[in-house]
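# Per-entry structural report
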Amino acid sequence: MEKYLGLKNLLVLLVLLLSISISEQLQSSQGKTLLRIQNLLNYPNVLSNWNNDTDFCNTEPSSTVTVTCYEENIAQLHIIGSKGASQLPNNFSIDSFVITLVKLSSLKVLKLVSLGLYGPLPSKLSRLSSLEILDLSSNFFHSDIPREISSLTSLQSLILDGNKFTGRLPNGLGSLVVLAVLSVKNNSLEGHLPDMLGNLHNLRVLSLSRNNFTGDVPDLSSLENLQVLDLEDNSLGPKFPQVSSKIQSLVLRNNKFTAGIPEKVQSYHQLEHMDISSNRFMGPFPPSLLSLPSITYLNVAGNKLTGMLFEDNQCNAGLDFVDLSTNLLSGRLPSCLLTGPKHRIMRFSNNCLATGDRTQHPFSFCRNEALAVGILTHHHKHITGSQVVLALIICGSIIGGVMLVCATIIVVRKFLSKIAAPKKTTRSIVENASSTYTSKLFTDPKYVTRTMKLGSLSLPSYRTFSSEELKVATNNFDASTFIGNSFDDQMYRGQLKDGSSIAIRCLQTKRKNSSQNFMHHIELMSKLRHHHLVSTLGHCFECYLDDSSVSRIYLVFEYVPNGTLRSWISDKHAKRRLTWTQRIAAAIGVARGIQFLFTGIVPGIFSNNLKITDILLDQNFVAKICSYNLPILDENVKELKCTRANSEEKIVVFDFGVILLEIICGKRINTKNEVSVIQNQLEESIMANAVSRKNVVDPAIRNSCSDESLKTMMEICCRCLVQDTEDRPSFEDVIWNLQFAAQVGDSWRRDSSSSDASPISHLYDFRPNLPRKSNSNSNSSSV
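Residues numbered from 1 in each chain as written. Predicted model: local features only at pLDDT ≥ 70, side-chain atom pairs only at ≥ 80, totals over all residues. Heavy atoms only, no water.

### Description of the confidence of the model for the chain
Of the residues in the chain, 74% have a pLDDT of 70 or more, and the chain-wide mean is 79. pLDDT under 50 marks residues 18-26. Its contacts with residues more than four places away, or in other chains, come to three contacts. Throughout residues 634-644 the model reports pLDDT below 50, and contacts reaching past four residues in sequence, or to other chains, amount to 13 contacts. (pLDDT = per-residue confidence, 0-100. Contact = heavy atoms within 4.5 Å.)

Printed below as a string of structure tokens:
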């Protein structure tokens, strides 16, 4: 028995010794790996204490180096280098480094920060399958984030801030179901944010600031745990992000958000930090944001927010920072903002508030600015009783008129059917609009709103003209009234009996069509009235008597007397040229006209190739587009198709960019090669200095425009001309930039004429930074 016990004890001793030996070998192996890492990192100062005798699993952790072991295996490795560390020497190999690193196969936490690591992040890193926290921030990694990182299914925190990663966020990140922190700040990532972000239900922090992301933010409202959303300095928008009401920090600064602040934001009771500054948010500012129960920081500066503040508006006592500056707010500052704690920072300049100081605009400024961008303040929405009565009278007149026209047509057709005509002769007819589309225009809210806006245009009502009336106006279409023609029409100038001038477009039809075949397009044209369109005043059909088919169509337009925009910009024989202010105003007008064509009565109807010769100037030098007409004679057009409105808009953006080139340079541009050459000159001057920019601009206005205004025009022009249609700005973006160019230009001229002029940059601090340009292309993004 004693012999048996002795043998058993001997076996236990051998096992113990063997395990100690294996443990020592394991520690020795891992120690060698760490020393190899020290060598590959070029012996940084923070690892100066590591040597062959170091017991890594029993070292004291510090703020710069931590090695933690679990069951004799290294589970955590933190190496934090000096802030601003330079890139490792050229002989460094990121592949060799990661091959060495993955030998620590039990790692759960890996932090390698500010160590000068560079190169594409190797996919081999995914072999560390137990990783829960990965922090590689403040290094020099570039290229795409490897999609293999999505195989680290235990990952709870992924931090890649302050590198040079490019490309898009990998879609596979959606498979990291336990991910709580995703931070890729300060890289060069681009493209749309993947919808998969909405699947990360454990996400608490999503930080994507200072990249080049574009488009709308995916729906994040199902992420109940999300507390921090940081999207600063991108090109995201236009819709306000959808997030859970449990959000605590919301940072949208310097993007392209344009919609109003949704009502739901007023129920974000856990919201502490909100920064939506330097966007183009429009609509009313909700004063209740000031009194959210948790709010301590609120910045809405540099937008187009409207509304009236009152002295009795409530505030959260813990509100430490408030910036309402550079909006369109009116009324009085809430007294709670003026009587709060001494450490509170309060900014409110460049509104229309009744503060009695020079930092505020007059009320008319905010009202006019709101109207200029299509914002109606609350009191504009009230309809008086007399307006209701007037509306009822108008509607009654329309209905009565339609009924009368229908009755007349029935009688006329019955009479004509009894007449036997020996040969084809013509007649002019009056044709009513199709009842189906008319009912939609006056019942669908989307159409009603647009139609009501057209009423402010000071033009006579659209009507049907008789052929006799048009013959009188043109002296029977005398040659002296002929003003031009194209392959399918002729243009004449005429004068009506009331003395008003008109332009008449005569189209010869090629097929036997009834007037009803054209009415759908005619009807749409009758609704396209805008301050910056050459609007249609009416039409006339000339038909054959025997079968009532249309022989000619006459379209009657307002007459625009001052010729084309080109004749005032680049025509060598021009008596004088437009000033810089007039050129910006013309550009804004054209952009607004095009925007209306894409978003007006029927979005997406505009598809012509826009040229500078298609822009006319009226007696007040207001720009009007004359080439937006619907393809009435198109053999293949049977119904209007608007499904490609977005892509069509981006194509027209390029045409608009060519017009801007000619406006800036004052030179005729007729070929793609000329566009490319002048575009390159603009891009080079943007990156150079004010002198270079002035050398490119038209000498006629070289000394009358500020550098800030000129540079803004050049930048938006070049963005319009980028090759990738997705990277071109919307017309909303274009208008915003042009308005900024006009504002700084006006301010510069005022200051130039004042003896006590002072810097004016603070007046327009709402302007977002124009983004970084890529090396491959002239693409730069703006507000």
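### Observations regarding a nonpolar patch on the surface
Nonpolar side chains collect at one region of the surface, where Met 308, Phe 310 and Phe 363 lie side by side and expose about 290 Å² of accessible area between them. Relative to the elements of secondary structure, Phe 363 occurs in helix α4 (residues 363-372). (Patch = residues over 30% accessible without salt bridge, like charges linked within 9 Å, V, L, I, M, F, W, Y side chains within 5 Å. Areas by Shrake-Rupley, 256 points an atom, 1.4 Å probe, with all protein chains shown as cover. Salt bridge = Lys/Arg side-chain N within 4 Å of Asp/Glu carboxyl O. Helix = DSSP H or I, 4+ residues; strand = E, 2+ residues; numbered from the N terminus.)

### Here's the deal with the pattern of salt bridges
Here the structure, examined in full by the defined rule, presents 14 salt bridges. Across the pair Arg 577 and Asp 698 runs a salt bridge whose closest N-O atoms are separated by 3.3 Å. On the criterion of sequence distance, the pair formed by Arg 577 in the loop between β30 (550-558) and α10 (580-599) and Asp 698 in the loop between α13 (690-696) and α14 (707-720) is long-range, its members being 121 residues apart. On the basis of relative accessible area, Arg 577 is assigned to the partly exposed category, the value being 27%. (Buried < 20%, exposed > 50% of the residue type's maximum accessible area, 1.4 Å probe, protein only.)

### Some details on the nonpolar core
A general tendency of soluble globular proteins is for nonpolar side chains to be buried together. Residues Trp 50, Leu 77, Phe 97, Leu 101, Leu 110 and Phe 285 are the most contacted members of the largest nonpolar core, which totals 95 residues. Formed by 56 residues, the second largest nonpolar core is a distinct cluster that contains Ile 569, Phe 596, Cys 717 and Ile 735. (Core = buried A, V, L, I, M, F, W, Y, C linked by side-chain atoms within 4.5 Å.)

### Focus: the sheet that holds strand β17 (residues 282-284)
Spatially, four strands are ordered β17-β19-β21-β23 in an open sheet, and the strand pairing comes out parallel. With one partner strand each, in any of the chains shown, β17 and β23 (352-353) form the two edges of the open sheet. (Pairing = 2+ DSSP bridges.)

### Let's talk about α10
With 20 residues, α10 ought to run about 28 Å at 1.5 Å a step, and its terminal C-alpha atoms sit 28 Å apart, in line with that. For α10, the tally of buried residues reaches 14 of 20 residues, placing the bulk of the element in the interior. (Expected span 1.5 Å × (residues − 1).)

### A word on the environment of Ile 588
Checked against the element boundaries, Ile 588 lands in helix α10. Sequence-wise, Ile 588 and Ala 742 are 154 residues apart; in three dimensions their C-alpha atoms are separated by 9.2 Å. The residues touching Ile 588, leaving out its near neighbours within four places in the chain, are Leu 738, Gln 739 and Ala 742.

### As for the sheet that holds strand β12 (residues 212-215)
If you trace the three strands from one edge of the open sheet to the other, you get β10-β12-β14, paired in parallel fashion. Each edge of the open sheet is held by one strand with a lone partner, namely β10 (190-192) and β14 (235-236).

### A short note on the environment of Leu 173
Examined against the element boundaries, Leu 173 turns out to sit in the loop between β8 (164-165) and β9 (181-183). The spatial distance from the C-alpha of Leu 173 to the C-alpha of Pro 194 is 9.2 Å, given a sequence separation of 21 residues. Ignoring anything within four residues of it in the chain, the contact list for Leu 173 reads Ile 149, Ser 150, Leu 158, Leu 182, Met 196 and Leu 200.

### Overview of the packing of helix α12 (residues 672-687) against α14
In contact at an axis separation of 10 Å, α12 and α14 are set at 130° when each is read in the N-to-C sense. Classified by the angle between their axes, α12 and α14 sit oblique to one another. Once α12 is placed against α14, the crossing between them reads as left-handed. Taking contact as the criterion, the partners of Gln 679, Leu 682, Glu 683, Ser 685 and Ile 686 in α12 are, on α14, Lys 711, Met 714, Glu 715, Cys 717 and Cys 718. Partitioned by chemical class, the residues of the contact of α12 with α14 number five nonpolar, two polar and three charged. (Axes fitted to C-alpha atoms, helices over the stretch in contact; angles between N-to-C directions. Parallel < 35°, antiparallel > 145°, perpendicular 65-115°, else oblique. Left-handed = near helix turned anticlockwise from the far one by under 90°. Nonpolar A, V, L, I, M, F, W, Y, C, P; charged D, E, K, R; others polar.)

### Focus: the pairing of strand β2 (residues 73-80)
The pairing of strand β1 (residues 65-70) with β2 spans six bridges and is classified as antiparallel. Looking at the pairing, Cys 69 lines up with Ile 74 of β2. Counting the residues in the hairpin turn of β1 and β2 gives two residues, including Glu 71, whose phi is positive at 55°. Where β2 and strand β3 (residues 109-113) come together, five bridges link them in parallel fashion.

### Some details on the pairing of strand β6 (residues 140-143)
Moving residue by residue along a regular strand, the side chains alternate between the two faces of the sheet. Across three bridges, the pairing between strand β4 (residues 118-120) and β6 is parallel. Bridge pairing in β6 places Pro 120 opposite His 142.

### With respect to the packing of aromatic side chains
For the structure shown, the criterion picks out 13 aromatic pairs. Their ring planes at 20° and their centres at 5.5 Å tell us that Phe 477 and Tyr 554 sit as a pair that is stacked. Of this pair, Phe 477 sits in the loop between α8 (467-473) and β26 (482-485) while Tyr 554 sits in strand β30, placing them 77 residues apart in sequence. A centroid spacing of 5.6 Å and a plane angle of 75° characterise the contact between Phe 482 and Tyr 492, whose relative ring orientation is edge-to-face. Linking Phe 482 in strand β26 with Tyr 492 in strand β27 (residues 489-495), this pair joins segments that are 10 residues apart in sequence. Three or more aromatic residues link up through ring pairs in this structure, and these residues are Phe 477, Phe 482, Tyr 492 and Tyr 554. Above the plane of the ring of Phe 465 lies Arg 463, whose end atom (NZ or CZ) is 3.8 Å from the centre. (Phe/Tyr/Trp six-rings, centres within 6.5 Å; stacked < 30°, edge-to-face > 60°. Lys NZ or Arg CZ within 6 Å of the ring centre and 35° of its normal.)

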